[in-house]
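Architecture at a glance
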Amino acid sequence: MSRLVMKFGGTSVADLERIRRVGRLVAAEVAAGHQVAVVVSAMSGKTNELVAWTDGAGAAAAGLDPSDDEYDTVVASGEQITAGLLAMTLRHMGLKARSFLGWQVPILTDDAHGRARIEDIPPAKLLAAFEAGEIAVIAGFQGVTPDGRITTLGRGGSDTSAVAIAAAVGGACDIYTDVDGVYTTDPRIEQKARKLAKISYEEMLEMASLGAKVLQTRSVELAMAQRVPVRVLSSFVEPGEAPGQGTIVCDEEEIVEKRIVSGVAYSRDEAKITLYGLPDHPGVSSSIFSRLADANVNVDMIVQSHARTAGSANMEFTVGKRDAARAVEIVKGAQAEIGFDEVAVNEDVAKVSVIGVGMRSHTGVAKTMFGALAEKGVNIQVISTSEIKISVLIDAAYTELAVRALHAAYGLDQL
Ligand code: ADP
Ligand code: ASP
Ligand code: MG
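Only a predicted model underlies this, so the values are computations on that prediction, with no experimental measurement involved.

This next bit is on the overall build of the protein chain. A count of helices and strands for the protein chain gives 14 helices and 18 strands. Relative to its length of 415 residues, the protein chain is compact, with a C-alpha radius of gyration of 23 Å against a globular reference of 22 Å. By its C-alpha atoms, the protein chain is 75 × 55 × 35 Å across when sized along the principal axes. Per-residue burial for the protein chain yields a buried fraction of 48% across its 415 residues. Contacts in the protein chain between residues far apart in sequence, at least 24 positions, make up 75% of those at least 6 positions apart. Element-wise, carbon and sulfur atoms account for 51% of the exposed surface of the protein chain, whose accessible area totals about 18600 Å². Across the protein chain, 40 positive and 53 negative side-chain charges occur, with their mean positions spaced 5 Å apart.

Dropping the structure here:
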């Protein structure tokens, strides 16, 4: 009997009517002969509401911070509600089901609160549920440290819960969401976006890490490392309505139709920090970035250029918006030691990227990208490349325009 982990995101469990439809989708897979475990997110908007409790003045007085263990106790609670409601719904439909919170499975994580990593999932309890013909309905997004503290896996983390559970029980993973697959770009921005029947793990990993939030980056990393078969599907259908639809995330070799560029992704979660008048000698970059690394600030794009004055340079780098203020504080605190004239921060920037394994073997991808942006008058502030992607940092106001221009430039609307 094959094992299947079905994951339902926030919009898929947004109210009792949708939870009942989820129940019908689960029942259909059970009837098809699968051993099923289900992972659920909190109802849509719930996690934002819980996170907001940590932003208000009262919460600040209580010292709630995403790295705080009590932050996790608060924000993990949304998934407890939906796990219970779905288990009740399945029972009402005459199926055997029970809810599991992270600690009850247990989903063991490290103690990096707010962004914990799963370290181990002993499968015994889930295997026992399969044996007993009982559907395990597991609260996504949450885990537990070895000493019993609740953790959360970072925003969008239920995808990672689902893939990790599929790996632990040796099953496939179906991610049900509010779109019916992975598209060439966010269908909310470009109506001409096309659904991809298949996408390679590597491309999906780049798409996710460059902003396509349809799958959490870590879930793709894990699926790729453990070779978990992943499908992305819509939960807004009745069982049997769209058989075989969705997107399969798989090995590159399984994709017959080769494309040069598979998708365009964007992220508005960027801030650009510029340091003017840096001394131009060895050790300066190391002194800046080691300080940021020690403070766990993740730096993405970096460019350095010579300033007009001899012996002086300017440097620009990007960090997540959330880390911007802290990054500026860190470099300012070391201004005398590092020796620079001025620091500036710009949060009105966005990163737009094109992704495709075909870039390994085809030239001219960058030329097309820069040409399309120039034609629309979009100025490029920073460029970074890797084997299968090119990213540019632009003024945030041009995000949609740039995404659509690039989508058309690579013919993605005609796939
Ligand atoms: P869930 O609540 O089910 O986890 P998310 O909101 O996290 O759903 O992810 C689904 C959303 O991802 C879609 O509604 C869509 O707007 C967005 N998205 C961004 N890029 C893409 C893409 N390339 N393909 C499909 N969806 C995308
Ligand atoms: N509910 C969590 C969030 O909104 C986890 C998830 O939905 O994947 O980030
Ligand atoms: Mg999500």
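The next subject is helix α13 (residues 365-375). Of all the positions in α13, only Val365, Met369, Ala372 and Leu373 are classed as buried. Looking straight down α13, one finds that the buried residues subtend no more than 95 degrees of arc, so they occupy a single side. Residues of α13 that are exposed and angled more than 90 degrees away from the buried face: Lys367, Ala374 and Glu375. Of the residues trailing α13, glycine 377 is marked for its positive phi of about 75 degrees.

Strands sit in the order β3-β6-β2-β1-β9-β11-β12-β10 across an open sheet of eight strands; the sheet is mixed. Sheet topology places β3 (97-100) and β10 (198-200) at the edges, where each strand pairs with a single neighbour. Going across the sheet, the axis of each strand differs from the next one's by a mean of 20 degrees, ignoring polarity. The pairing of β3 with strand β6 (residues 135-139) spans four bridges and is parallel. Residue pairing for β6: arginine 98 is matched across the bridge by alanine 136. Those strands touched by helix α5 (residues 77-92) are β2 (35-40), β3 and β6, and its axis lies near 160 degrees from that of β6. Sheet strands in contact with helix α6 (residues 124-131) are β1 (3-8), β2, β3 and β6, and its direction is about 130 degrees off that of β2.

This part takes up the side chain of histidine 407. Position of histidine 407 among the secondary structure elements: in helix α14 (residues 399-409). Among the polar contacts listed, one links the side chain of histidine 407 to the side chain of threonine 184, at a separation of 2.6 Å.

The interhelical angle for the contact between helix α8 (residues 201-209) and helix α9 (residues 217-226), taken along N-to-C directions, is 165 degrees, at an axis separation of 8 Å. The pairing of α8 with α9 is recorded here as roughly antiparallel in orientation. In this structure, α8 crosses over α9, and the sense of that crossing is left-handed. Where α8 approaches α9, its residues Tyr201, Glu202, Met204, Leu205, Ala208 and Ser209 are matched on the opposing element by Thr217, Val220, Glu221, Ala223 and Met224. Taken together, the residues of the contact of α8 with α9 sort by class into seven nonpolar, two polar and two charged.

What counts as what
Residues numbered from 1 in each chain as written. Chains lettered and ligands numbered in written order. Predicted model: local features only at pLDDT ≥ 70, side-chain atom pairs only at ≥ 80, totals over all residues. Heavy atoms only, no water. Helix = DSSP H or I, 4+ residues; strand = E, 2+ residues; numbered from the N terminus. Rg over C-alpha atoms; globule rule 2.2 N^0.38 Å. Buried < 20%, exposed > 50% of the residue type's maximum accessible area, 1.4 Å probe, protein only. Contact = heavy atoms within 4.5 Å. Areas by Shrake-Rupley, 256 points an atom, 1.4 Å probe, with all protein chains shown as cover. Lys, Arg positive; Asp, Glu negative; His and termini not counted. Charge placed at Lys NZ, Arg CZ, Asp CG, Glu CD. Arc of directions from axis to C-beta. Pairing = 2+ DSSP bridges. Axes fitted to C-alpha atoms, helices over the stretch in contact; angles between N-to-C directions. Polar contact = N/O pair within 3.5 Å; in protein donor to acceptor, adjacent residues only side chain to side chain. Parallel < 35°, antiparallel > 145°, perpendicular 65-115°, else oblique. Left-handed = near helix turned anticlockwise from the far one by under 90°. Nonpolar A, V, L, I, M, F, W, Y, C, P; charged D, E, K, R; others polar.

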